[in-house]
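# Understanding the architecture of this molecule
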Amino acid sequence: MSFAIKYLTIIVLIISCLLAVHSDSQNQISDAYINEALEDTYKKFKDLKAGNNADYIPVLAEVDSNIFGVAIVTVDGQVYTVGDIESEVSIQSIAKVFTMAYVMEESGLQAIIDNVGVDATGDVFNSIIAIEKYQGQYMNPFVNPGAIATTSMVKGKSADDIYHKVAAFYDAFAGRTLTLQDDVYISESATNQRNQALASLMFAYGRIKEDPARATDIYTKLGSIGVNTLDLATMAATLANGGVNPITAKKVMRHENIAGVLAVMATAGMYDDAGQWLFKTGLPAKSGVGGGILAVSPGKFGIASISPPLDEAGNSVKGQLAIEAVSNSLNGNPYDVVPINMK
Ligand code: DON
C-alpha cells in the first residue's frame, strides 16, 4: 500500500470514529434533560387534587395524601429524583410482581402457568366472580386470588420462614433492607375477610394446596412492607436490567424469567386500566393501593412514583400522570420505534 493510501485510510478511520461518537452522544439523553423532565412534571402535577386514599384498609386512609415523588434509576445505575422520595408507604399489590418472580425462580415459569395462569381476568382485583368463571385457573398472579395462590406456592418450613425468604428477595431488588409497616399489617389483617374468602375458594378449587388462611396471612404481611419512591424505582430498574440490580450490581433473578414477569405486568399490572395504560406508555407497570406505581422501560430504566390518592381502578392518579409524562419525554415506550433510516 502506498504511503498516500495508508494516510487516507487513517483519516477515514478517524472521521468515522468521530462520527460514531457524535451520533452516540446525540442518542444519549443528558442528565440536564432528565432532571428538567422530572422537575417540569413535578411542578405540573404537584397541586393536583384528584382521587382518594384507599380506605378499605383503615390505616391507608390516614396516610398523608400530599406525599408525591418520582424517581428514575437507569440500567447503568444513574439516579434521578424529584419531590418526596423518602416517605414510605406500604408496597401493597406491587409486592405481587416480586412474589411471582420468586416462585418462577424457585419452581420455574411453567408452575405459574399451570397453577395460576397468566391471563388478565377483566374483573376487579378482588373479584369472586372471576374465580367462579375460571374455576380458580386461567387467572394471573396479580389479582388477589392468583396472588394468594402464588404465595402459597413458596416452599418453606413455616410461615415465618416463607415470609422472610420472600421479603429478603424484595430487599435484593430494592438494594436495602425494607421494614414491615406493622400498623398496616394489623389493620389489613383485621379487615381482610374478603381475601380470606377468595383464598378459601381457591383452596376448594385445588389451586391453593396449603392452609388458605396461612397463605392469606403471608400475602397480607408481604403487602405491608414499607417502600419509598427510590426503592420502587430501583426494583423496577432491576427488572429493566435483566435481573441485575444496577445499584448494588447483584444478580437478583435469572434474566430468562424477566420477560414473563413483564408480560403479566403489561397485561394485568394496572388492573382494569391496563389497556389504556399500555396504550399511553407502552410500559409494563404495577400499582398498589398504598399509592405506589413502578414501571419498566426494558433495557433503559425503571421509573416509580408514590402519591396515595387513587382513581376508580385503584391506581395512583398523580403517579400515572407523572410516569406517563416523564417516560414519554425520555422515549421510554419500547413500542415507539423510529424507522432505521430516520435516526
Ligand atoms: O389484597 C389487598 O387488598 C391489598 N393487600 C393489595 C391490593 C392492591 O394493592 C391492589 N392494587 N391496586
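Refer to the structure presented above.
Residues numbered from 1 in each chain as written. Predicted model: local features only at pLDDT ≥ 70, side-chain atom pairs only at ≥ 80, totals over all residues. Heavy atoms only, no water.

### Some thoughts on the layout of surface pockets
We count it as follows: For each structure, a 1 Å grid was placed over the protein atoms alone; sets of points admitting a 1.4 Å probe that cannot get out are labelled cavities, open sets with protein on both sides within 12 Å along at least five of seven lines are labelled pockets, and lining residues have an atom within 4 Å of a point. Grid points are joined across faces, edges and corners, and a volume is the space filled by probe spheres set on the points. Basically, the charged four are Asp, Glu, Lys and Arg, the nonpolar ten are Ala, Val, Leu, Ile, Met, Phe, Trp, Tyr, Cys and Pro, and anything else, Gly included, counts as polar.
One number sums up the size of the second largest pocket: a volume of about 310 Å³. What lines the second largest pocket is a set of 16 residues, and nearest its centre among them are Leu310, Asp311, Glu312, Ala313 and Gly314. Per-class residue counts for the lining of the second largest pocket are 8 nonpolar, 4 polar and 4 charged.

### Regarding the site of the ligand
Short version of the rule: We call a residue near a molecule or strand as soon as one heavy atom of that residue lies within 4 Å of the molecule or strand. Pairs of N or O atoms within 3.5 Å make up the polar contacts considered here, provided that, within protein, one atom can donate a hydrogen while the other can accept it, and that residues adjacent in sequence are counted only when both atoms are side-chain atoms. Only the protein chains shown count as cover for residues, and all accessible areas are computed by the Shrake-Rupley method using a 1.4 Å probe. For a molecule to be placed in a cavity or pocket, more than half of its atoms must lie within 2 Å of the grid points of that cavity or pocket.
In the vicinity of the ligand there are 13 residues, among which Tyr56, Gln92, Ser93, Glu188 and Tyr219 approach most closely. Contact distances for the ligand include 3.0 Å between an oxygen atom and a side-chain N or O atom of asparagine 144. Within the backbone of valine 289, an N or O atom sits 2.9 Å from an oxygen atom of the ligand. Burial of the ligand by the surrounding chains reaches 99%, relative to a free accessible area of 340 Å². Cavity membership is defined here by more than half of the atoms lying within 2 Å of grid points; on that basis the ligand lies in the largest cavity. When grouped by side-chain class, the residues that make up the shell around the ligand number 5 nonpolar, 7 polar and 1 charged.

### A few points about the packing of helix α6 (residues 144-152) against helix α10 (residues 212-223)
How two helices sit against one another is set out by the angle between their axes and by the gap between those axes. What counts, and what does not: To get an axis, a line is fitted to the C-alpha atoms, and for a helix only the part in contact is used. The angle between two axes follows their N-to-C directions and goes from 0 to 180 degrees. A run of DSSP states H or I qualifies as a helix once it reaches four residues; a run of E qualifies as a strand once it reaches two. Both are numbered from the N-terminal end. Roughly parallel means an angle under 35 degrees; roughly antiparallel means over 145; roughly perpendicular covers 65 to 115; every other angle is labelled oblique. Residues are treated as being in contact if the distance between any of their heavy atoms lies within 4.5 Å.
Here α6 crosses α10 at 105 degrees, and the two axes come no closer than 9 Å. In terms of their interaxial angle, α6 and α10 are classed as roughly perpendicular. Across from Asn144, Ala147, Ile148, Thr151 and Ser152 in α6, the residues of α10 making contact are Ala215, Thr216, Ile218, Tyr219 and Leu222. Class assignment for the residues of the contact of α6 with α10 results in 6 nonpolar, 4 polar and no charged.

### Quick notes on the side chain of asparagine 140
Basically, it comes down to this: When accessible area is computed with a 1.4 Å probe and restricted to protein chains, residues below 20% of their type maximum are described as buried, those above 50% as exposed, and intermediate ones as partly exposed.
If you trace the backbone, asparagine 140 turns up in the loop between α5 (128-134) and α6. The class of asparagine 140 is buried, set by a relative accessible area of 1%. A polar contact of 2.7 Å, which involves the side chain of asparagine 140, links it to the backbone nitrogen of phenylalanine 142. One polar contact links the side chain of asparagine 140 to the main-chain amide nitrogen of valine 143, over a distance of 3.2 Å. Filtering out sequence-adjacent residues up to four positions away, asparagine 140 remains in contact with Val116, Gly117, Val118, Asp119, Ala120, Thr121, Gly146, Ala147, Val264 and Ala268.

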